[in-house]
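# Breakdown of the fold
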Amino acid sequence: MYSHVSGTGMYLPERALTNNELAKIVNTSDEWIRTRTGIEVRHIAAENEATSHLAEKAAYSALEASGLGPKDIDMVVVGTCTPDLILPNVACLLQERMGMTGIAFSVEAACSGFIYALTIADQFIRLGQAKCALVVGAETMSRLLDWGDRETCVLFGDGAGAVILEAAENPGILFSDLGADGKHRDLLCADAGVSSLKVGETAKLHMKGNEVFKVAVRTLEAMVDKVLLENGLEQGQIDWFVPHQANVRIIEATAKRLGLPMERVILTIKEHGNTSAASIPMALDTAVRDGRIKRGDLLLMEAFGAGFTWGSCLLRY
Ligand code: COA
């Protein structure tokens, strides 16, 4: 048994925050942000919108696209590093609100959270332990930002994306590869938590951007080489590259390694910013709905994030 994606959905909060607006809060400029990152605008969740609310809207949209209802779902996996609560996990909150049953848990792998969640759901379906999974990437990164730190607050945004992953005779997911290396933990972190010494402090995200940049490019290039080699693919044979949207320069370097022109790369960073685990399913849904990605196309999704964690997934859509 294999798994295939039968529907996609996304949700972007209404409030758009432009680079020019940010330039009134911190010492930055639209020009710096656009040329260094590719971002023009990001969206910010309303005060009464938590991660599970964004996830719920993306989930209903994916269910509608697949022609299924909540009762058909027997597994919910949510990739997020900005959960509503410490417990219950976001997937359980979604279950309760949408009337779903079965397995439900969240995966904490930062920007790689969706690829981790998708890979786990695929394994459950391959083993026959689930038939129809709702896989979500959802984040309210705005809640984790220090709005006085220009090196991070200009980069991130909020949003959610979801896919329905159903059991199928043919793949679907052809290949996935996950990795992590904890020795880089200090380059990108939000250093407060429940059991750390900083109990009670509000977590804020810190990043040594240019050091992260170098490791990200190196890691993603190695990952691309592995995907091509292990699947007997030549450069240029992927139809669509659907990357994590952290920085357009990182994406361009990886696309070059794949032998793909930028016309075959799904870029949403301009309008979404970096939405961490939500960025890949949001990019996927954007390109499915605007008609670029069609049934039968070969897609490569890949991500890199705090940890460091990384992952890739080759999908016959
Ligand atoms: N506006 C204006 N100037 C800024 C700025 C901002 N928002 N943020 C930083 N700068 C300044 C720096 O202070 C530095 O000034 P200096 O040269 O006087 O010291 C200069 O811009 C260059 O900073 P640097 O950090 O070297 O820039 P960069 O080209 O590496 O771009 C990032 C910064 C964060 C955009 C880039 O490093 C990046 O995208 N990193 C990886 C992000 C990522 O992949 N994360 C993992 C997944 S979430």
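Residues numbered from 1 in each chain as written. Predicted model: local features only at pLDDT ≥ 70, side-chain atom pairs only at ≥ 80, totals over all residues. Heavy atoms only, no water.

## Let's talk about the packing of helix α3 (residues 51-66) against helix α4 (residues 90-98)
Our working definition: Structural elements are reduced to axes, namely lines fitted to C-alpha atoms, with helices fitted over the stretch in contact, and the angle between N-to-C directions of any two is expressed from 0 to 180 degrees. Strands here mean DSSP runs of E at least two residues long; helices mean DSSP runs of H or I at least four residues long; both are numbered from the N terminus. Each angle gets one of four labels, with under 35 degrees taken as roughly parallel, over 145 as roughly antiparallel, 65 to 115 as roughly perpendicular, and the rest as oblique. Put simply, a crossing is left-handed when the front helix is turned counterclockwise from the back one by less than a right angle, and right-handed when it is turned clockwise. Throughout, a residue-residue contact means that at least one pair of heavy atoms, one from each residue, lies within 4.5 Å.
As a packed pair, α3 and α4 sit with axes 10 Å apart at the nearest point and diverge in direction by 60°. By the angle class used here, α3 and α4 are oblique. Considering how the two elements wind past one another, α3 and α4 form a crossing that is right-handed. Facing Ser52, His53, Ala55, Glu56, Ala59, Tyr60 and Leu63 of α3, the residues of α4 in contact are Val90, Leu93, Leu94, Arg97 and Met98.

## Thoughts on the confidence of the model for the protein chain
Just so we agree on the cut-off: Confidence of the predictor in every single residue is expressed as pLDDT, which spans 0 to 100.
Here the protein chain averages 97 in pLDDT, and 99% of its residues register 70 or above. Across the protein chain, element-level confidence peaks in strand β6 (residues 132-140) with a mean pLDDT of 99 and bottoms out in strand β9 (residues 188-190) with 95.

## Topic: the packing of aromatic side chains
Rules: Stacked, tilted and edge-to-face are the three classes assigned to paired rings of Phe, Tyr and Trp, where Trp is represented by its six-membered ring and a pair needs centres within 6.5 Å; plane angles under 30 degrees give stacked, over 60 edge-to-face, the rest tilted. When accessible area is computed with a 1.4 Å probe and restricted to protein chains, residues below 20% of their type maximum are described as buried, those above 50% as exposed, and intermediate ones as partly exposed. Distance and angle both matter: a charge sits over a ring if NZ of Lys or CZ of Arg is within 6 Å of the ring centre and within 35 degrees of the ring normal.
Under the counting rule described, the total for this entry stands at three aromatic pairs. Centre to centre, the rings of Phe304 and Phe308 are 4.7 Å apart; their planes meet at 45°, and the pair counts as tilted. Assigned by exposure class, Phe304 and Phe308 land together as buried. Three or more aromatic residues link up through ring pairs in this structure, and these residues are Phe304, Phe308 and Trp310. Across from the ring centre of Tyr317, 3.8 Å away, lies the NZ or CZ of Arg295, which sits over that ring.

## Overview of the site of the ligand
Rules: Whether a residue is near a molecule or strand depends on its heavy atoms: it is near if one of them lies within 4 Å of it. For accessible areas, the Shrake-Rupley method is used with a probe of radius 1.4 Å. Any residue's cover is judged against the shown protein chains and nothing else. Method remark: on a 1 Å grid restricted to protein atoms, a set of points is classed as a cavity if a 1.4 Å probe fits but cannot get out and as a pocket if it is open with protein on both sides within 12 Å along at least five of seven lines; lining residues have an atom within 4 Å of a point. Think of it this way: if more than half of a molecule's atoms are within 2 Å of a pocket's grid points, that molecule is in the pocket or cavity. Just so you know the grouping, Ala, Val, Leu, Ile, Met, Phe, Trp, Tyr, Cys and Pro go in nonpolar, Asp, Glu, Lys and Arg go in charged, and all remaining residues, Gly too, go in polar.
Looking at the ligand, there are 23 residues lining it, with Thr28, Arg36, Arg150, Gly209 and Asn247 nearest. For the ligand, whose free accessible area comes to 970 Å², the fraction covered by protein is 76%. Under a 2 Å grid-point criterion requiring more than half of the atoms, the pocket assigned to the ligand is the second largest pocket. Among the secondary structure elements, those contributing two or more residues to the shell around the ligand are α2 (30-37), α6 (150-153), α7 (209-230) and α8 (248-258). Classifying every residue of the shell around the ligand gives eleven nonpolar, eight polar and four charged.

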